[in-house]
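Fold and geometry: a report
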Amino acid sequence: MTERTGYSDVIVVGGGTAGAIVAARLVEAGLRVTVIEAGPDYGSYRSGIWPAELVDARALPVTHDWGYGGRGAGGQQLAFERARVIGGCSAHNGCAQLPGWHGDYDAWAASGCPGWSAEDLRLCFARSKERLRVRAFAPDEIQPFQRGFLDAAVAVGVPLTDDLDDLDGEVGCGAEPVNVVDGVRWNTAFAYLDLVRDNNGFTIVADAVVDRVLIANGLALGVRAVKDGHPLELRADLVVLSAGAYGTPEILLRSGIGPAADLREHGIEVHADLTGVGANLHDHPASQLEFAGTERLGKELDLFARTRWLPEEQTIAKIASPMANGPFDLHVYPWVEPDEAQPSGWRCVVPVGLLTPRSRGRLRLRSADPAVRADVDHAYLAEPRDAAALAYGVRWALHVIRRPEIAEYLGSPLRFPPDLHDDALDSWIRSTHAHIWHPAGTCRMGPEPAQGAVVDPHGRVHGVGGLRVADASVLPSLPRSTPALPVAVIGERMTDLILDPGPG
Ligand SMILES: Cc1cc2nc3c(=O)[nH]c(=O)nc-3n(C[C@H](O)[C@H](O)[C@H](O)COP(=O)(O)OP(=O)(O)OC[C@H]3O[C@@H](n4cnc5c(N)ncnc54)[C@H](O)[C@@H]3O)c2cc1C
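One structure accompanies this document, and this report is about it.

Remarks on the pairing of strand S16 (residues 285–291)
Most of S16 is tucked away, with 7 of its 7 residues classed as buried. Pairing of S16 with strand S24 (residues 434–435) involves 2 bridges; the strand directions are antiparallel. Considered in S24, the bridge of Pro-285 is made with His-435. Here S16 runs beside strand S20 (residues 346–354); their pairing, made up of 6 bridges, is antiparallel. Within S20, the position partnered with Ser-287 by the bridge is Val-352.

Here it is in structure tokens:
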């Protein structure tokens, strides 16, 4: 039997990075809000029952994963990790909080999304940074390997900068701005939901997977979910989908909103024929050099850890390939990770990530069953300029790692291009590339559904009333940033637009 629960003003589907922000801000504005989240809710930070690995910001957690996967450009199997827990990916990510370059947001506005220019968003950035308690690592917090990278990057001519948190930043290298508070990954559940958890108008339904949005006569009425193996229906005036770049298009497609022919193939009744649902999928692809680490690295990291907190990743260099259509288009963000197979006890990774990918893939349903994950085809490096930009970055990284400031820590190569001739490097990049876990764009914001837009600049789904989207899926294109902060800004901005739609 289907369980039916009480009525809310708003249902937020997915209590993740953006969803937690939307929900908390709507509760603060006096609305009755229900968050429905597929993963567990461990309560407030003070509950003390959060798993240590989700809280500890030193390393990336490996639990609470949805289990998405797909292929890289060379056919290699890649995992596309996504967190299934309250807080979403903000509860298991690397905590880097870079806003990117203003020109990318201005391009969103120019593409038919008024209100989304960098100038329009500055207040939302400031609010998000304050709530997430973003601050850059101080010089004396930088561990030896990270210090070696910065010194080497400076030695090859990249200026040391403190503009990584600045929308007007240029080429440079420096300490990451992070949402880490006393070693804790300060996820959006802590930063936003904890402030409203005791409010009577607020409910979290955890461990419940939303199957679809209930729609009648072109209007969203609520959602249908599965909890503990049983169907559950929730009703509200407004449904906001914040299930992420994979989860939100999956729910829309199962709800009958998407390319009509694809929906009919799965026996799904069509409510809105929107070809853009699942399209425009893109991510920041990455190419990684890896090393076994030296005895000196092991000793210096051990020594550092005796007196200080030892995070794996702390610094980023922003560099420009010849393909750059702005001040920079590549991030280099080295890290170390424990590796018992190496005599040093560590593996060193020097990755290069492309911030302005031109390739676009698509997410498609494999089944109408909410337990079956979608087919995620990123089409990484389909556009030759993407691989060419990465090749430039790999050559830059090879130049940097020859500098003694970092070379003394690296040791034997574990993943390294055997041949630097153009064709050989291109094929090495294709067959070994990774990604930076930044999928986006599958429910693109824009004015014209016929041109692939899924939501309008207020996040309203084209052609269906009472239904909005607020998460990484609405990005027309990824900004040259780490996306968690822009996604928080999407949560802030979409909430402003729900509360005060303005004229028209
Ligand atoms: C390993 C890793 C490291 C990263 N490191 C960084 C970093 O250092 N800096 C950075 O800026 N970005 C980083 N990112 C990316 C960044 O965290 C994401 O881009 C961002 O958090 C996405 O936010 P979102 O709100 O769109 O989705 P999410 O935060 O993923 O939220 C979606 C939520 O919806 C829930 N959900 C999904 N489907 C359903 C359903 N059917 N029913 C109910 N609930 C559902 C999910 O469980 C989840 O809680 C990283 C990501 C990963 C995976």
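Some words on the pairing of S20
The buried count for S20 comes to 9 of 9 residues, which makes it a mostly enclosed element. Neither face of S20 is open: one carries Trp-346, Cys-348, Val-350, Val-352 and Leu-354, the other Arg-347, Val-349, Pro-351 and Gly-353, and all of them are buried. In the sheet, strand S18 (residues 330–332) pairs with S20 via 3 bridges, with the strands oriented antiparallel. Bridging from a neighbouring strand, His-331 pairs with Gly-353 of S20.

Section: empty space enclosed by the protein
Inspection of every chain in the model, using the stated rule, returns 2 cavities of 30 Å³ or more. Looking at the largest cavity, its volume works out to about 50 Å³. Taken together, Leu-98, Pro-99, Gly-100, Asp-163, Leu-164, Asp-166, Gly-169, Lys-318, Phe-328, His-331, Arg-480 and Ser-481 make up the lining of the largest cavity. When the residues that make up the lining of the largest cavity are grouped by side-chain class, the tally is 4 nonpolar, 4 polar and 4 charged. Computed from the structure, the second largest cavity encloses a volume of approximately 40 Å³. Lining the second largest cavity we find His-282, Asp-283, Pro-285, Pro-357, Ser-359, His-378, Tyr-380, Leu-381 and Asp-386. Residue composition of the lining of the second largest cavity, by class: 4 nonpolar, 3 polar and 2 charged.

Let's talk about helix H13 (residues 484–499)
Taking 1.5 Å as the rise per residue, H13 with 16 residues should run 22 Å; its terminal C-alpha atoms sit 23 Å apart, in good agreement. Among the 16 residues that make up H13, 15 are buried, leaving the element largely enclosed by the rest of the structure.

Definitions and cut-offs
Residues numbered from 1 in each chain as written. Predicted model: local features only at pLDDT ≥ 70, side-chain atom pairs only at ≥ 80, totals over all residues. Heavy atoms only, no water. Buried < 20%, exposed > 50% of the residue type's maximum accessible area, 1.4 Å probe, protein only. Helix = DSSP H or I, 4+ residues; strand = E, 2+ residues; numbered from the N terminus. Pairing = 2+ DSSP bridges. 1 Å grid on protein atoms, 1.4 Å probe; cavity = no way out; pocket = protein on both sides within 12 Å on 5 of 7 lines; lining within 4 Å. Points joined across faces, edges and corners; volume = space filled by probe spheres on them. Nonpolar A, V, L, I, M, F, W, Y, C, P; charged D, E, K, R; others polar. Expected span 1.5 Å × (residues − 1).

Shape descriptors only; they carry no functional weight alone.
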